[in-house]
Amino acid sequence: MDRPRPNRRAAATPWPIEDARLQAYLGRAFVEVHGWVGRGVIWSLEQIARFQASYGIVGESCEIGVHHGRFFLALENVTPEGMACHGVDVFDDQELNVDGSGQGSEAKFNENVAGYAIGPDRVRTVVMDSMSAEARGFFRGIEGRVALFSVDGGHTRSHAMTDLASAEVALAPGGVVWLDDFFNPNWPGATEGVVDYLRGPHRLRPVLAIESKLLLAGVSHADRIIAHLREAGGSTGRRVKTVSFCGYSFLSINRPIDRAT
Ligand SMILES: C[S@@+](CC[C@H](N)C(=O)[O-])C[C@H]1O[C@@H](n2cnc3c(N)ncnc32)[C@H](O)[C@@H]1O
């Protein structure tokens, strides 16, 4: 989706991404697959994968709203061997994409999975409207199994609330959710949805705002995840700022240190 352009200083400060799988991803799928995800988000994925590995957290991955697979493939690339990766999208039934966020294509997604996934056979392509009754059953079916979950489907308040609730059901202990377009003025529904989600009964809370994404984790693991990100953030050349939102303190890692306010 259209995004504010990063300032020059931010673009000139590379994110320290060391994971060989993600370096390979950045050299190929990241540049060759159409979609919307930044390098800072990939840095956050590396850090969450490291955190989970250090605590023995092993789970599946899932994305609602895969489009052509740009972020999905990054998730797949760091998903532990033998774990399933679920890609959910309305795909070619774009009448169900009610706010016109992206434009899924099952053929392009499957082609990119074949070309860039580490384990194409473990990818489950799920043609589904995340707002449907069928979706409730699907997410109950993977209850407690998903360690890496991306919410990037419809961007209305209602989609964000429903998809966060689905992520909450599917998430394994120690799992993390990336919600797209937090504070993007072109897609205000995503932020409105997370505010209303956090004002109602909820089990996930924010841990990090980075580029377009808000990361959320279960309340039991959030403090440890924040501590990990705070330490790792010190090597990014960016300010690690503590922010408050909806009653929670968490991190924002965005602005290069010499430009940070
Ligand atoms: C912004 S794009 C996703 C971008 C993608 N995550 C990437 O890495 O580039 C949004 C996607 O959500 C899909 N979508 C929209 N509404 C949906 C819904 N209700 N259920 C499932 N997918 C939906 C669209 O078809 C589109 O592919």
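Here goes a summary of the coordinates provided. (Residues numbered from 1 in each chain as written. Predicted model: local features only at pLDDT ≥ 70, side-chain atom pairs only at ≥ 80, totals over all residues.)

## Points about the overall build of the protein
Stated precisely, the cut-off is as follows: Secondary structure elements follow DSSP: runs of H or I no shorter than four residues count as helices, runs of E no shorter than two count as strands, and numbering proceeds from the N terminus. Atoms counted for the radius of gyration: C-alpha only. Globule rule: 2.2 Å times residue count to the power 0.38. The exposure label follows from counting other C-beta atoms within 10 Å of a residue's C-beta, where the C-beta atoms are placed from the backbone and the thresholds are 20 or more for buried and 12 or fewer for exposed, leaving partly exposed in between. Distance between backbone-placed C-beta atoms decides contact: two residues are in contact if it is within 7 Å.
Across its full length, the protein carries 10 helices and 9 strands. The C-alpha atoms of the protein give 17 Å as radius of gyration, which agrees with the globular expectation for 261 residues (18 Å, within 12%). Its C-alpha atoms give the protein principal-axis dimensions of roughly 45 × 40 × 40 Å. Within the protein, buried positions represent 48% of all 261 residues. Considering only contacts within the protein whose residues lie at least 6 apart along the sequence, 70% involve residues at least 24 apart.

## Quick word on the packing of helix 7 (residues 133-141) against helix 8 (residues 157-170)
The cut-off we apply is this: Axes here mean lines fitted to C-alpha atoms, for a helix over just the part in contact, with angles spanning 0 to 180 degrees between N-to-C directions. For classification purposes, angles smaller than 35 degrees are called roughly parallel, those larger than 145 roughly antiparallel, those between 65 and 115 roughly perpendicular, and all remaining angles oblique. Each crossing gets its handedness from the near helix: less than a right angle anticlockwise from the far helix is left-handed, clockwise is right-handed. Just so you know the grouping, Ala, Val, Leu, Ile, Met, Phe, Trp, Tyr, Cys and Pro go in nonpolar, Asp, Glu, Lys and Arg go in charged, and all remaining residues, Gly too, go in polar.
Remark: helix 7 packs on helix 8, axes separated minimally by 8 Å, with the N-to-C direction vectors making an angle of 25°. Taken together, the axes of helix 7 and helix 8 lie roughly parallel to each other. The two elements helix 7 and helix 8 meet at a crossing, and its hand is right-handed. Of the residues in helix 8, those in contact with Ala135, Phe139 and Arg140 of helix 7 are Ser166, Val169 and Ala170. Of the residues assigned to the contact of helix 7 with helix 8, the class counts are 4 nonpolar, 1 polar and 1 charged.

## So, the site of the ligand
As a reminder of what qualifies: Being near a molecule or strand means, for a residue, that its backbone-placed C-beta atom lies within 6 Å of it.
Taken together, 27 residues are adjacent to the ligand, and Gly35, Gly65, Phe71, Gly102 and Gly104 come closest. When contributions to the shell around the ligand are tallied by element, the ones reaching two or more residues are strand 1 (60-64), helix 5 (70-78) and strand 2 (85-89). Split by residue class, the shell around the ligand holds 10 nonpolar, 12 polar and 5 charged.

## Some words on the environment of valine 98
Among the secondary structure elements, valine 98 is positioned in the loop between strand 2 and helix 6 (106-116). Here valine 98 falls in the partly exposed class, since 15 other C-beta atoms lie within 10 Å of it. Sequence-wise, valine 98 and threonine 79 are 19 residues apart; in three dimensions their C-alpha atoms are separated by 30 Å.

## Some points on helix 5
Most of helix 5 sits out of view: 9 of its 9 residues are buried. All of the buried residues along helix 5 are Arg70, Phe71, Phe72, Leu73, Ala74, Leu75, Glu76, Asn77 and Val78.

## Things to note about helix 9 (residues 188-199)
To keep things clear, this is the line we draw: Helix span, expected: 1.5 Å multiplied by one less than the number of residues in the helix. Regarding the arc, it is the one traced by the directions from the helix axis to the C-beta atoms.
With 12 residues, helix 9 ought to run about 16 Å at 1.5 Å a step, and its terminal C-alpha atoms sit 17 Å apart, in line with that. Listed as buried for helix 9 are Ala190, Thr191, Gly193, Val194 and Tyr197. Burial along helix 9 is one-sided: seen end-on, the buried residues are contained in an arc of 160°. Along its buried surface, helix 9 packs onto helix 8, strand 5 (171-180) and strand 7 (213-218).

## A closer look at the sheet that holds strand 4 (residues 146-151)
Operational definition: Between any two strands, at least two bridges found by DSSP are needed for them to pair.
On the basis of which strands lie adjacent, the open sheet formed by 9 strands has the order 3-2-1-4-5-7-6-9-8 and mixed pairing. In this open sheet, the two edge strands, each paired with only one partner strand, are strand 3 (123-127) and strand 8 (238-245). In this sheet, adjacent strand axes meet at a mean angle of 20° when their direction is disregarded. Here strand 1 runs beside strand 2; their pairing, made up of 4 bridges, is parallel. From the neighbouring strand, isoleucine 64 faces strand 2, where its bridge partner is valine 88.

## Concerning unusual backbone geometry
The phi dihedral of glutamate 211 is positive, around 50°, even though this residue is not glycine. A positive phi angle, near 50°, is found at cysteine 246, a position not held by glycine. For cysteine 246, the position within the fold is in the loop between strand 8 and strand 9 (248-256).

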